[in-house]
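Descriptive structure summary
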Amino acid sequence: MEAATAGTRAAAEAQPRKRGKISNRTKSERRLGWMLCAPAVIVMIAVTAYPILYSVYLSLLRADLRFPGDRAFIGVDNYVTVLGSSLWWADFFHTALIMVVSVSIELVFGMLLALVMHRAIFGRGLVRTASLIPYGIVTVVAAYAWLLAFSTPSGGFVPHVLGIQHDLVDQGHPVTSFLVVIAAEVWKTTPFMALLLLAGLALVPDELHEAAKVDGASAWQRFWRITVPLMKPAILVALLFRTLDAFRIFDSAFIIGQNGTNPKIETVSILGYNQLLNRLNLGLGSAVSVLIFLCVLVLAFFFIKVLGTERPGDAA
């Protein structure tokens, strides 16, 4: 009898509790919250949803501003043309190469910089401020600075130090242009990566490190066994933001890679720019833009669903 009573009690406790009835005050507060958020939501929809939908619409048309009377609905022919072009895949490879190499280097340097800022005893505020200076510089200015540093006509110091007479960016091998673009990206955005990782380091309890140190764990073991696992959400969020941003790279690649009479680097964003603004082909340009948008969605899905990026508060 007691066993039956205990089983019944356990089953009753195991059942989910029913939510209480929502009071009128709670309903009014929720309604007020939606009303306060509505203007911002409407503005976001107007500036994001409408351009995206209109780009999708244009990508299904044969729309060329050079031939305004030749507009017609052609379905997915623009996507077939873009995906069947070797230029798209070459630009996709350029973009993926810059994205993977730059983000990988930024993760390593950003982690080192975050550790220095986190463990600095004296002048912590000065160290953090100085390390964030490159991120505060406009990307175009940073790209021109790196371009001029490698250019012989402008008196760049890199060819002078290496004893090279020709222009490394304009006359040199295409690999040099890729290296300059990657270096500019790493120098510009490593502080952003470090800032995100620094927020993750602040969530690692010092007591765990002290306990592991007492148990005889080395600094390397404490970093890989304690710091990195607890920082996984912050690391994945930092990688997500930088990967999505690096895939859409335009400024640095356009200024450095398209410099001179022998352009060497064209990314997917530059391809879309050339189709839309230079060749005035709205259909193909919109198709390229939609494909870039889909690639960004795939990358975001990969980080969030496959690698398990957590939103703030999910760990709790």
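For the structure itself, consult the block above.
Let us look at the structure shown here. Fair warning: this is a prediction, and the values are worked out from it, not measured in the lab.

What about a nonpolar patch on the surface?
- On the surface, I52, V56, F293, L294 and L297 cluster together into a nonpolar patch covering about 380 Å² of accessible area.
- Of all the secondary structure elements, the ones that give two or more residues to the nonpolar patch are α2 (24-59) and α15 (282-306).
- Residue position: F293 is located in helix α15.
- Judged by relative accessible area, which is 35%, F293 ranks as partly exposed.

A closer look at the packing of aromatic side chains
- Applying the stated rule across the entire model yields 15 aromatic pairs.
- Members of the aromatic cluster, each reached through a chain of ring pairs, are W88, W89, F92 and F247.

Some points on the environment of G75
- Mapped onto the fold, G75 is located in the loop between β2 (72-73) and α3 (77-83).
- Residues in contact with G75, not counting those within four places in the same chain, are S59 and L60.

Comments concerning the packing of helix α10 (residues 206-214) against helix α11 (residues 219-230)
- At their nearest, the axes of α10 and α11 sit 10 Å apart, and the two run at 160° to each other. Taken together, the axis directions place α10 and α11 in an arrangement best described as roughly antiparallel. Here the hand of the crossing between α10 and α11 comes out right-handed. Mapping the contact onto sequence places L208, H209, A212 and K213 in α10 and R222, I226, T227 and L230 in α11.
- Of the residues belonging to the contact of α10 with α11, the class tally is four nonpolar, two polar and two charged.

Calculation rules
- Residues numbered from 1 in each chain as written.
- Predicted model: local features only at pLDDT ≥ 70, side-chain atom pairs only at ≥ 80, totals over all residues.
- Heavy atoms only, no water.
- Patch = residues over 30% accessible without salt bridge, like charges linked within 9 Å, V, L, I, M, F, W, Y side chains within 5 Å.
- Areas by Shrake-Rupley, 256 points an atom, 1.4 Å probe, with all protein chains shown as cover.
- Salt bridge = Lys/Arg side-chain N within 4 Å of Asp/Glu carboxyl O.
- Helix = DSSP H or I, 4+ residues; strand = E, 2+ residues; numbered from the N terminus.
- Buried < 20%, exposed > 50% of the residue type's maximum accessible area, 1.4 Å probe, protein only.
- Phe/Tyr/Trp six-rings, centres within 6.5 Å; stacked < 30°, edge-to-face > 60°.
- Contact = heavy atoms within 4.5 Å.
- Axes fitted to C-alpha atoms, helices over the stretch in contact; angles between N-to-C directions.
- Parallel < 35°, antiparallel > 145°, perpendicular 65-115°, else oblique.
- Left-handed = near helix turned anticlockwise from the far one by under 90°.
- Nonpolar A, V, L, I, M, F, W, Y, C, P; charged D, E, K, R; others polar.

Honestly, that's just the spatial picture; any functional story needs more than this.
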